[in-house]
Amino acid sequence: MPSNLEQELPGGTSRKLQLLRAGSSQFGIFAEQIWAIVEWQEPAPLPHAPNSVLGVVNIQGRMLTVLDLAKLASGEGLDDTPREFLRHLIALRGDEQLALAIEALGEIVQLTGNESMTDSITKQESVTTPVLGVWQREEAEIKILNLKGLFPTAIQGRERRQRRF
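These figures come from a predicted structure and were not determined experimentally.

**Q** What exactly am I supposed to notice about the pairing of strand β11 (residues 140-145) here?
**A** In regular strands, side chains alternate between the two faces of the sheet. Most of β11 is tucked away: five of the six residues are buried. The sheet contact formed by strand β2 (residues 25-30) and β11 spans three bridges and is parallel. By the bridge assignment for β11, Phe27 is matched with Lys143. Note that strand β10 (residues 131-137) and β11 share six bridges and pair antiparallel.

This is how it looks when you write it as C-alpha cells:
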C-alpha cells in the first residue's frame, strides 16, 4: 500500500515545495497550496481561542485566521516563540481561510516522487494531523504540511461555531 506522501507525489511527477521555519522546526508547503506570502502584521485577537490561534488578519481583502505553526506542530504552548520573531504570514488556499505565522522563508525546491521520505502518519490520521510526512534533506528533517489537518489540530476537539440556516 503506498504511503500518504507517495499518493501526493506519484512516481515521475514533481511539485514545488516552499521551505520555511517556525520555532525549532523546518516545514514544507506545496507551492500550489499558497495563496500569498506577506510581511508580518499583528492579528486581531479572538476571544477564547486556543493558544495556537493568534487571531485574524486582512490579507488582500480576505479575513484569515492566523495559526502559530510552531505551537501547532509542537503541541499547545510547547514552543513559545516570541511574536517579535514572527516575520511572515502565509495565506493558504482552501475553504478554511487560514494563514500561518512563521519566522523565516526558505527556498523553493522541486520535489519529485523519487525523494527519500518517511510516512509519519497512518491513513486514518491523515485528516487530523498537521504533518503529512517527513522529508530528509541534507541532514535536516523537513515536515511536509497537511493543510486539511491544520484547523482540526488547532481547535483540538473544541466545538466550532457554524452558521445555522
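**Q** What should I look at first to understand helix α3 (residues 147-155) in this one?
**A** Residues lying three or four places apart along an α-helix face the same way, a consequence of the helix completing one turn every 3.6 residues. Counting buried residues along α3, seven of its nine residues qualify, which places the element largely inside the surrounding structure. Those residues of α3 not exposed but buried are Leu147, Gly149, Leu150, Phe151, Thr153, Ala154 and Ile155. At its buried positions, α3 is contacted by β4 (53-59), β5 (62-68), α2 (69-74), β6 (88-92), β7 (98-102) and β11. Immediately beyond the C-terminal end of α3, within one or two residues, lies Gln156, with a positive phi of roughly 45°.

**Q** For this particular structure, what's the right way to read the environment of Arg87?
**A** For Arg87, the position within the fold is in the loop between α2 and β6. Arg87 sits 46 residues away from Gln41 along the chain, and the two C-alpha atoms are 8.5 Å apart. Leaving out residues up to four positions away in the same chain, Arg87 has contacts with Val38, Glu39, Trp40, Ile102 and Glu103.

**Q** Looking at this model, I keep getting lost on the pairing of β4. Mind explaining?
**A** The element β4 is largely enclosed, with a buried count of five among its seven residues. Where β4 meets β5, six bridges bridge the pair, whose relative direction is antiparallel. Looking at the pairing, Gly55 lines up with Val66 of β5. Linking β4 to β5, which pair antiparallel, is a turn of two residues; within it Gln60 sits at a positive phi near 50°.

**Q** Looking at this model, I keep getting lost on the packing of aromatic side chains. Mind explaining?
**A** A ring pair, where both rings are aromatic, is described by two values, the distance of the centres and the angle of the planes. Applying the stated criterion across every chain, the model contains zero aromatic pairs. The ring of Phe30 has Arg15 sitting right over it, with the charged end atom 3.7 Å from the ring centre. Against the face of Trp35 rests Arg62, its NZ or CZ located 4.3 Å from the ring centre.

**Q** Sorry if this is basic, but what is going on with the pattern of salt bridges here?
**A** Where charged atoms from two side chains of opposite charge come close, those side chains can pair. Counted under the stated rule, the structure contains three salt bridges. One salt bridge connects Glu103 with Arg21, and the closest N-O pair in it is separated by 2.8 Å. Here Glu103, found in the loop between β7 and β8 (104-112), pairs with Arg21, found in strand β1 (residues 14-22); they are 82 residues apart in sequence, far enough to count as distant. For Glu107, the salt bridge identified is with Arg137, shortest N-O distance 3.1 Å. One end of the pair, Glu107, is in strand β8; the other, Arg137, is in strand β10, with 30 residues separating them in the sequence. Relative accessible area serves as the criterion here: at 19%, Arg137 is assigned to the buried category.

What counts and what doesn't
- Residues numbered from 1 in each chain as written.
- Predicted model: local features only at pLDDT ≥ 70, side-chain atom pairs only at ≥ 80, totals over all residues.
- Heavy atoms only, no water.
- Buried < 20%, exposed > 50% of the residue type's maximum accessible area, 1.4 Å probe, protein only.
- Helix = DSSP H or I, 4+ residues; strand = E, 2+ residues; numbered from the N terminus.
- Pairing = 2+ DSSP bridges.
- Contact = heavy atoms within 4.5 Å.
- Phe/Tyr/Trp six-rings, centres within 6.5 Å; stacked < 30°, edge-to-face > 60°.
- Lys NZ or Arg CZ within 6 Å of the ring centre and 35° of its normal.
- Salt bridge = Lys/Arg side-chain N within 4 Å of Asp/Glu carboxyl O.

Without other data, these values stay purely geometric and don't point to any function.
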